[in-house]
Amino acid sequence: MAGKLPMGQKDLLRAKILEMVKEEKMSLREASVRLKVSYRQAKRLYSRYKAEGDRGLIHRTQGRASPRKMAEEMRQRIVETYKESYLGFGPTFAAEKLKEREGLAVGRETLRRVLMEEGVWKRKKRRRAYHSRRTPRERFGELVQFDGSHHDWFEGRREKCCLMNMVDDATGTTMSFLCEQETTESAMKLLWMWIERYGIPQAVYCDRKNAFVLDREPTITEQLEGITPKSPFQKACERLGIEVIIAYSPEAKGLVERNHGVYQDRFVKELRLAGISTIDEANGFLREVYLPEINLRFAKIPAQPEDAHVPLLDGADLRDIFCFETQRVVSRDNMIQFEKRLFRIPENLSSRPLPGKSVTIRKWLDDSLHFMWKNHPLFVEEYALPQKNKEVSGKKSA
């Protein structure tokens, strides 16, 4: 309606009370109490009300443009740049990239409002927070959460692959790399990387996937010998003195699960901006750019400053720890069979296993084989199997 003043509930209440003062139904001091203002402020309001009526109670800046309002040209430039290069980015991440790559400084909340007004971004509904009762560890390296995340990391530019990820429970420090599948070998490689960078953690927290732990009942032979079946990953952790703690639900290792979400939001978009479409390039980007920045931004100070990592002993060879170990029995002719290959134990060795004795074979991650007997290297020679002549028979054509 023309001439209608844009008065809110607060202004309407003030007008009603001040009208009662004007009609001498209430004193100005009593009105100041009802209005919850000082007596001096009540006098100023009453003076303006008598001079201008209801209009005198409306704030002087109402209807005026804010001096801090973003210029329309700047607004359009930000929206167009967002649509062209950062569509799908959240306001926080987009504000970082607009300033870093485009030189456009805009607050994340301002950007959020602008994008919502333009209809190019919608606020996501958050799930109800899961409140874990477990208290985070206090020292860096006391517990590291471990998991793999299968995702379309390259947004269709190549097949889906897996991100192997470790997150420290006390600080949130993360380390990761991309691989084709979540395997025992990739799990050992990631823990190897962590040890080379920070040292040996006290414990790792992982789920019951076969890549990490062996979740089966022991065989009769294992029961008789008192052996608990363990995966190669568990055996490697045992040699290093690392406790393996098994999580029985995704919520139990919520820190690494939430960290996957950060990767799936930020890392995917960083790969898109960098034009990366291969695993090797992505791992180089992770190592040199992404991980240093993400740890600097999100890692926190632990409750206790002491580092719980243990340094690797001098002379320890991680190649001999992160390996696949198996047992083979020496045959009567001093042969050892492994993966369809034959290996002979030379008879001139001063110390060698007799036929019927077990030999340990360690297959390193580079696929090389290393034979052990009584915890000492055993020299063997590969025996070349004779090639069978294949006769090709067929009828002669007429």
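Coordinates for the structure precede this section.
About the cut-offs
Counting restarts for each chain: residues are numbered from 1 in the order of the written sequence. At least 70 in pLDDT is required for a residue's local features to be given in this predicted model, at least 80 for side-chain atom pairs to be given and counted, and no such filter applies to totals for whole chains, interfaces and linings, which use all residues. Only hydrogens and water are set aside; all other atoms, that is, all heavy atoms of the structure, feed into the side-chain values. Burial status follows relative accessibility: with a 1.4 Å probe on protein chains alone, a residue under 20% of its type maximum counts as buried, one over 50% as exposed, and anything between as partly exposed. Runs of E in the DSSP output that reach at least two residues are strands. Runs of H or I that reach at least four are helices, and both are numbered from the N terminus. In this description, one arc is meant: the one made by directions from the helix axis to the C-beta atoms. Here, residues are in contact when the closest pair of their heavy atoms is within 4.5 Å. Lines fitted to the C-alpha atoms define the axes, with helices restricted to the stretch that makes contact. Angles between their N-to-C directions range from 0 to 180 degrees. Geometric relationships in this document are graded by angle, where less than 35 degrees denotes roughly parallel, more than 145 denotes roughly antiparallel, 65 to 115 denotes roughly perpendicular, and other angles denote oblique. Residue classes follow a fixed rule: Ala, Val, Leu, Ile, Met, Phe, Trp, Tyr, Cys and Pro count as nonpolar, while Asp, Glu, Lys and Arg count as charged, and any other residue, Gly among them, counts as polar. Residues enter a nonpolar core if they are buried and are Ala, Val, Leu, Ile, Met, Phe, Trp, Tyr or Cys, with the set joined through side-chain atoms within 4.5 Å. In protein, a polar contact requires one atom able to donate a hydrogen and another able to accept it; more generally it is a pair of N or O atoms within 3.5 Å, and residues adjacent in sequence count only if both atoms are side-chain atoms. The criterion for strand pairing is that DSSP finds at least two bridges linking the strands in question. Planes of paired rings set the category: under 30 degrees apart is stacked, over 60 is edge-to-face and the rest tilted, where pairs are Phe, Tyr or Trp rings (Trp by its six-membered ring) whose centres lie within 6.5 Å. Working rule: Lys NZ or Arg CZ, within 6 Å of ring centre, within 35 degrees of ring normal, means a charge sits over the ring.

Among all positions in helix α2 (residues 28-35), only Leu28, Ala31, Ser32 and Leu35 are buried. For α2, the angular spread of the buried residues around the axis is 105°, confining them to a single face. The exposed set on the far side of α2, more than 90 degrees from its buried face, consists of Arg29 and Val33. Where α2 is buried, its residues contact α1 (9-22) and α3 (39-52). At the exit of α2 stands lysine 36, carrying a positive phi of roughly 60°.

For an α-helix, 3.6 residues make a turn, and residues three or four places apart therefore share a direction. Buried residues of helix α9 (residues 232-240): Phe233, Gln234, Ala236, Cys237 and Leu240, and no others. Viewed end-on, α9 has its buried residues packed into an arc of 160°, placing them on one side of the element. On the buried face of α9, the contacting elements are β1 (144-151), α7 (184-198), β4 (203-206), β5 (243-246) and α12 (318-321). Following α9 by one or two positions, glycine 241 adopts a phi angle in the positive range, close to 80°.

Moving on, we come to the packing of α7 against α9. When two helices pack together, their arrangement is given by the angle between their axes and by how far apart the axes lie. Two numbers describe how α7 lies on α9: the axes approach to 9 Å, and their chain directions differ by 25°. Taken together, the axes of α7 and α9 lie roughly parallel to each other. Taking contact as the criterion, the partners of Thr184, Ala187, Met188, Leu191 and Ile195 in α7 are, on α9, Pro232, Phe233, Ala236, Cys237 and Leu240. Among the residues making up the contact of α7 with α9, the classes are represented as nine nonpolar, one polar and no charged.

Glancing now at the side chain of lysine 97. Along the polypeptide, lysine 97 turns up in helix α5 (residues 91-102). Apart from residues lying up to four places away in sequence, lysine 97 is in contact with Tyr86, Phe89, Glu102, Glu270 and Leu273.

This part takes up the nonpolar core. In terms of nonpolar packing, the biggest core is built from 31 residues, with Phe146, Met164, Leu191, Phe212, Phe233, Leu240 and Phe322 touching the most fellow members. Mapped by element, the contributors of at least two residues to this core are β1, β2 (161-168), β3 (174-179), α7, β4, α9 and α12. Contact partners of phenylalanine 146, with chain neighbours within four places excluded, come to Met164, Asn165, Met166, Ala187, Leu190, Leu191, Tyr205, Cys206, Phe212, Phe233 and Lys253. Of all hydrophobic cores here, the second largest spans 17 residues; its members include Phe154, Leu178, Tyr263 and Leu291.

So, on to the packing of α1 against α3. It is the contact of α1 with α3, at a shortest axis distance of 10 Å, that shows an interaxial angle of 85°. Relative to α3, α1 is oriented roughly perpendicular. Residue-level inspection shows Arg14, Ala15, Leu18, Glu19, Val21 and Lys22 of α1 in contact with α3, the latter providing Leu45, Tyr46 and Tyr49. By residue class, the composition of the contact of α1 with α3 is six nonpolar, no polar and three charged.

This paragraph deals with unusual backbone geometry. The phi dihedral of glutamate 24 is positive, around 60°, even though this residue is not glycine. Checked against the element boundaries, glutamate 24 lands in the loop between α1 and α2. A relative accessible area of 73% means that glutamate 24 is categorised as exposed. Positioned with a positive phi, glutamate 339 is a non-glycine residue whose angle comes to about 50°. Relative to the elements of secondary structure, glutamate 339 occurs in the loop between β7 (335-338) and β8 (341-344).

Take the side chain of arginine 362 next. The residue arginine 362 is located in strand β9 (residues 358-364) in this model. A polar contact of 2.6 Å, which involves the side chain of arginine 362, links it to the side chain of aspartate 320. Other than its neighbours up to four places away in sequence, arginine 362 contacts Asp320, Cys323, Phe324, Glu325, Ser368, Leu369, His370 and Met372.

Once that is clear, we can look at the sheet that holds β8. Here three strands make up an open sheet; going across it, the order is β7-β8-β12 and the pairing antiparallel. Edge strands, defined here as strands with exactly one partner in the open sheet, are β7 and β12 (381-383). Pairwise comparison of adjacent strand axes, ignoring direction, gives a mean angle of 35° for this sheet.

So, about the environment of valine 167. Mapped onto the elements, valine 167 comes out in strand β2. On a C-alpha basis, the gap between valine 167 and leucine 143 in space is 8.8 Å, while along the polypeptide they are 24 residues apart. When near neighbours in sequence (up to four residues on either side) are disregarded, valine 167 contacts Leu143, Val144, Gln145, Gly172, Thr173, Thr174, Leu255, Val256 and Asn259.

Evaluated as defined, the whole model comprises 14 aromatic pairs. A connected cluster of aromatic rings, assembled from ring pairs, spans Trp153, Tyr263, Phe267 and Tyr290. Its guanidinium or amino end placed over the ring of tyrosine 39, arginine 29 lies 4.1 Å from that ring's centre, counting from NZ or CZ. Directly above the aromatic system of phenylalanine 89 lies the positively charged group of lysine 269, at a separation of 5.5 Å from the ring centroid.

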